[in-house]
Amino acid sequence: MNAPVLCDIPITVERGQREVFCGLTGIVWLHRKMQDAFFLVVGSRTCAHLLQSAAGVMIFSEPRFATAIMQEKDLAGLADANEELDRIVHRLLQRRPDIKTLFLVGSCPSEVIKLDLAKAAERLSASHQGRVNVLNYSGSGIETTFTEGEDTCLDALVHAAPYTDQSQLIVVGTLPDVVEDQFARLFESSGIAEAAGKVAFFPPRRAEHIPAIGPNTKFILAQPFLNITRRTLIGRGASHIPSLFPFGINGTLAWMRAAADAFDVAEANISKACEAPIARAEKALAHYRETLAGKRLWFMPDSQLEIPLARFLQQECSVDLQEIGVPYLDRQTMNSELSCLPQNSSIVEGQDVDEQLDRIRKNQPDLVVCGLGLANPLEAEGIITKWSIELVFTPIHGFDQAGDLAELFARPLQRKQRLRV
Amino acid sequence: MELALWTYEGPPHVGAMRIATSMQDVHYVIHAPQGDTYADLLFTMIERQQRRPPVTYSTFQARDLGEDTANMLKETIKKAYDRYQPNVLMVGESCTAELIQDQPGSLARGMGLPVPVIPLELPAYSKKENWGASESFYYLVRYVLASATANISANSSPHSKEETLINAKPRPKANILGPSSLGFRCRDDVVEICQLLDQVGIEVNVVAPLNATTPQLHRIPDADFNICLYPEIARTLCVWLEKTYQQPFVKTVPIGVGATVRFIEEIEAITGIDASSVKQIDRSRLPWYARSVDSTYLNGKRVFVFADGSHAIAAARIARDELGFNVVGLGTFSREMARDVRAAAAEFGLEALICDDYLTVEQHIEELHPELVLGTQMERHIAKRLGIPCAVISAPVHVQDFPARYSPQMGFEGANVIFDTWVHPLLMGLEEHLLHMFRDDFEFNDSVAPSHLHGGEHGGKHAADHGGKQRGTQARQDTTHVDTDYAQPLVAHNSDAMLQDQPIPTSWTKDAENELKKIPFFVRGKARRNTEAYAQSLGQSEISIETLYDAKAHYAR
Ligand code: SF4
Ligand code: SF4
């Protein structure tokens, strides 16, 4: 396929203090998706504390993630870090016989001391032959930003996937089960599933069932932060179906059409299959349009969902976009999305949080989408916020969630109208 | 390496953040990667602080490592100073920067900034949050006092010790040291203790670090003595102040009626004041409430105590001496307080549990089968899972442990608050018996959990609906925004939450039934009823997946 012409919307690059989570955060949703997998961070007390704080209100009695906290003696070379890691993994696996896949997750400290987790994973896989598959990826803050931790995790899964030359469609990116099932039904009813031969979701619900990949695999991204995974999939012979991301009616319809196109499914089939869900989405969206229309919105850089969500809110809820911050930008992945944004959009890549807050104070947007560290201080200044982390924990994809997605942004605005204190 | 699932304490630089955030005019620059900025949310979300913590991070990335991270840090320091103009700058690093050895402290001191720069070296691979807070507080005060002697700004201090003595019958002055941001009930304890001191006839000189300024820290030596309100944070400093300025310090932590009396006695001994009119145990309602017949059933209740050192020790004594409980276990996650807690446990004929492994604590609780757990946020979760009543007595805490109402732990009012918060879950425990008695009544069913255990969220239904009896294999959650939000539209128009999964009047297709199961158990009943009502209103007798989603859209608002 020829590379499409890249959208030339201007981007401002900013450098300064970043205020975003690191890739370890992805564990919070990844471990819920793959219920037979365990995530072991090899890091510091800070990493353990980050995970626990990001998991926030969701405290599980015994989570399927943990941190191997490095101690002074591991660093001073008094203890061999690899032996220590093996010891911890053995203990863990003894305790949790239900674990089929173990992810060793690299952190800043493990990367700075150059602890080779790939080698460790190989060694541990071999010593637990057949019982558990040990993979590794980086969630470190020096390498990955927030949702990028899912990218590096899925990349590791792609590397571990078996080969197939069967024709198939793979949907890439973690989706809540309920959304996956909705999409699966749409693929059935539209005839895409039949034309593709098979539809698989990636990551799988059980990490031991990694879908096979090969030259007759076509894949479509469900999440906008999967640049590395996309490249590795292409490297394994699969072909990418470029599209908008399935947020809102336009995004989801474009996404279905792109998949249909790739397998020569007639447009009429798509229209027919999507008709009822679109009508429902219209009805649900109608509840929030009035609240959102004309509101000036500001995205702080955070989850990488900023651009697709800005597109949805602008096109389908008539919001007015003031600034769209993104932690980093891959023009290839975002190309379709960027071309749907108004040409005069202000997009800022990278971050200087203090400068951004100054700009917010100056422009007084109606709603700022931002991380948890910034939300209450902004509210205290009278600026309404929406926590971005909810966007990665909540089902927001597809037709049947379009209303819910709009509601996430409408709710804080409605609260402002209600409160008299 | 050490395996950690949940941690009681964060890394030491988070302790330093607590000190910087407590103060009004201090800024803290941390050499750290971007992910470490998560710590801001502890203050803004858990404590609902209205301002961002006064902290700037260098947020270096992998690509900077090959270049000049030291220079990057210097720029960060310069920008942070220019923007925030603090009176004192603390400079340090988190775990990752400790490995790249840029020496942030000495770098910053070499920059010639016009304010005291305090280098903080907090070893991230051996120490933890409370230690970090204690060290930072100690160095902060030491540096500020050192700069005061070198600096004319010391003149801002209104009067010296000598002057005070000349004045006619001055009230003795005390500093209250230790209350800090993210500490357990510090906000209200300070109010309570200030009132108590006023009644005793003591003037409060400085409260620090909570809401203090550096000019106030300059005045610390003016006090006649110190009150070490939270030894975890202030003991190191109090010991140094005693050595350096001959300021004795009060060691009793005034939590509980008995401890409050001992606290006043210590002050009497230091100052020679007679405070017998203040030292009356019936200034608290706890002693009478504990003696009232209603409380008879409290006696002998088996209690497990696990917290930071000072709260654990205080709680154990209250439990035994002021409520007549039977303390069956006592421990702390704080290694720095291990000796004190061991000594206290010996008083109870117990061996202290000194450990920061959540699973070990859980195992102990399981084995001891207490009737009440007094612990931290972690123990609350353990207790919930085991169905044991629980009250939180110490950090680490959750947002609900920063109540809107006044609720100190210290002093006589603190004892009242403690009586209510500990006894309440036990009283509610009575409900369990009622549930047993009525278990066959159709209004109740044995999957209804006692109301104090968060209703259905933590009851038998949970296990049933998730098939999750096998611990650990089924992730168990207290609340998920995910599920609640997803199901929201379907439950919006119905009011009775608890009764659910009633007989099915309309028929559901198998697929629709399966789809329904994906909706979280605690709202599923409503989702079912709303969908059925919707189907009936359309005269449909069969509910398909389409109907389910049509109903969802219908009820959305
Ligand atoms: S039970 Fe609710 S309030 Fe308590 S910690 Fe869990 S989520 Fe937070
Ligand atoms: S940024 Fe690095 S050190 Fe900090 S929590 Fe993330 S991985 Fe750990």
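See the structure above.
What counts as what
Residues numbered from 1 in each chain as written. Chains lettered and ligands numbered in written order. Predicted model: local features only at pLDDT ≥ 70, side-chain atom pairs only at ≥ 80, totals over all residues. Heavy atoms only, no water. Helix = DSSP H or I, 4+ residues; strand = E, 2+ residues; numbered from the N terminus. Buried < 20%, exposed > 50% of the residue type's maximum accessible area, 1.4 Å probe, protein only. Contact = heavy atoms within 4.5 Å. Areas by Shrake-Rupley, 256 points an atom, 1.4 Å probe, with all protein chains shown as cover. Near = heavy atom within 4 Å. Polar contact = N/O pair within 3.5 Å; in protein donor to acceptor, adjacent residues only side chain to side chain. Buried area = accessible area lost by both parts, 1.4 Å probe. Salt bridge = Lys/Arg side-chain N within 4 Å of Asp/Glu carboxyl O. Nonpolar A, V, L, I, M, F, W, Y, C, P; charged D, E, K, R; others polar. Pairing = 2+ DSSP bridges.

Participant: Can you tell me about the overall build of chain B, naming the residues and giving the values?
Facilitator: Each helix and strand counted, chain B has 23 helices and 16 strands in total. Within chain B, buried positions represent 60% of all 557 residues. In chain B, once contacts between residues fewer than 6 apart in sequence are set aside, the share between residues at least 24 apart is 71%. Carbon and sulfur atoms provide 50% of the accessible area of chain B, an area that totals close to 22,300 Å².

Participant: Tell me about the site of ligand 2, and name the residues and values.
Facilitator: With respect to spatial proximity, 14 residues lie near ligand 2, and among them Cys22, Cys47 and Cys108 of chain A together with Gly35 and Asp36 of chain B are the closest. Around ligand 2, the nearby residues trace back to chains A and B. Taken together, the elements giving at least two residues each to the shell around ligand 2 come down to helix 2 (45-55) and helix 5 (108-112) of chain A together with helix 5 (95-100) of chain B.

Participant: Hey, could you go over the environment of lysine 279 of chain B for me, with residue numbers and the actual values?
Facilitator: Residues and elements named next belong to chain B. For lysine 279, the position within the fold is in the loop between helix 12 (257-271) and helix 13 (286-291). Given a relative accessible area of 23%, lysine 279 falls into the partly exposed group. Residues lysine 279 and leucine 386 lie 107 residues apart in sequence; the distance between their C-alpha atoms is 40 Å. Once residues lying within four places of it in the same chain are set aside, the contact partners of lysine 279 are Val261, Ile264, Glu265 and Glu268. Of note is the side chain of lysine 279, whose polar atom sits 3.0 Å from the side chain of glutamate 268.

Participant: A description of the environment of glutamate 83 of chain A should follow, citing residues and the corresponding values.
Facilitator: Residues and elements named next belong to chain A. Within the fold, glutamate 83 resides in helix 4 (residues 81-95). Glutamate 83 gets classed as exposed once you look at its relative accessible area, which sits at 57%. Expressed as a C-alpha distance, the spacing of glutamate 83 and isoleucine 9, which sit 74 residues apart in the sequence, is 51 Å.

Participant: Go over the interface of chain B and chain A, please, and point to the residues and values.
Facilitator: Across the contact, 84 residues belong to chain B and 92 residues belong to chain A. When the two sides are added together, the surface that chain B and chain A hide from each other amounts to roughly 7,900 Å², 55% of it contributed by carbon and sulfur. If you look at where chain B meets chain A, you find 12 salt bridges. The residue arginine 83 of chain B makes a salt bridge to aspartate 358 of chain A at a minimum N-O spacing of 2.9 Å. For the side of chain B that touches chain A, the element with the most residues is helix 23 (residues 545-555) of chain B, which contributes seven residues. Per-class residue counts for the side of chain B that touches chain A are 34 nonpolar, 23 polar and 27 charged. In this structure, strand 3 (residues 65-69) of chain A lies alongside strand 1 (residues 2-4) of chain B, joined through three bridges in antiparallel fashion. Counted as the bridge partner of isoleucine 69 of chain A is glutamate 2 of chain B from strand 1 of chain B.

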